[in-house]
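# An overview of the molecular structure
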Amino acid sequence: MKEFFKLLAKNFGEDKEYAHSYMEGHTVSRLAAQVHALRKQRGWSQEKLAHITGIAQERISKIESADFNSL
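Rules used throughout
- Numbering of residues starts from 1 in every chain and runs along the sequence as written.
- Only residues with pLDDT of at least 70 are given local features in this predicted model, and only at 80 or more are side-chain atom pairs given and counted; all residues enter the totals for whole chains, interfaces and linings.
- With hydrogens and water excluded, all non-hydrogen atoms of the structure serve as input to the side-chain values.
- Salt bridges, as used here, are contacts in which a Lys or Arg side-chain nitrogen is within 4 Å of a carboxyl oxygen on Asp or Glu.
- Helical segments are the DSSP runs of H or I of at least four residues, strand segments are the runs of E of at least two, and each set is numbered from the N terminus.
- Exposure classes here rest on a 1.4 Å probe applied to the protein chains alone. A residue is buried below 20% of its type maximum, exposed above 50%, and partly exposed in between.
- Think of it this way: a Phe, Tyr or Trp ring, Trp meaning its six-membered ring, pairs with another when their centres are within 6.5 Å, and the plane angle makes it stacked under 30 degrees, edge-to-face over 60, tilted otherwise.
- In this scheme, Lys NZ or Arg CZ marks a charge over a ring once it lies within 6 Å of the ring centre and within 35 degrees of the ring normal.
- The predictor rates its confidence in each residue with pLDDT, a number between 0 and 100.

## Describing the pattern of salt bridges
A full pass over the atoms with the stated rule returns 4 salt bridges. Where Glu3 meets Lys6, a salt bridge forms, and the shortest distance between an N and an O atom there is 3.8 Å. A residue pair is termed a helical-turn pair when its members lie 3 or 4 positions apart in one helix, as Glu3 and Lys6 do in helix α1 (residues 2-14) at 3 residues. For Lys62, the salt bridge is made with Asp67, and the minimal N-O distance between the two is 3.6 Å. The class of Asp67 is partly exposed, set by a relative accessible area of 30%.

Structure, rendered in structure tokens:
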């Protein structure tokens, strides 16, 4: 694992686009997981979350699958 972090730090320092892409992907994945977990924790369906937030259920599905590019 230590070698992975060394490689990651090297790539972050040498390639800002790589660093940005990595962090963006990580952030998107965490956000998707948090939305899904909180919805499940409350016992809500995607339809209920959609109704409460005013966001279409299809968009909730895309958010939870981290498919933000097609929103």
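Picking up where we left off.
## Here's the deal with the packing of aromatic side chains
Applying the stated rule across the entire model yields 1 aromatic pair. In this structure, Arg42 is placed above the aromatic ring of Trp44, and the distance from its NZ or CZ to the ring centre is 5.7 Å.

## Structural notes on unusual backbone geometry
You will see that Ala66, though not glycine, has its phi angle at about 65 degrees, which is positive. By the element assignment, Ala66 lies in the segment after α4 (57-64).

## Considering the confidence of the model for the chain
This prediction gives the chain a mean pLDDT of 89; 94% of its residues lie at or above 70. Predicted confidence in the chain is weakest over α1, with a mean pLDDT of 83, and strongest over helix α3 (residues 46-53), with 97.

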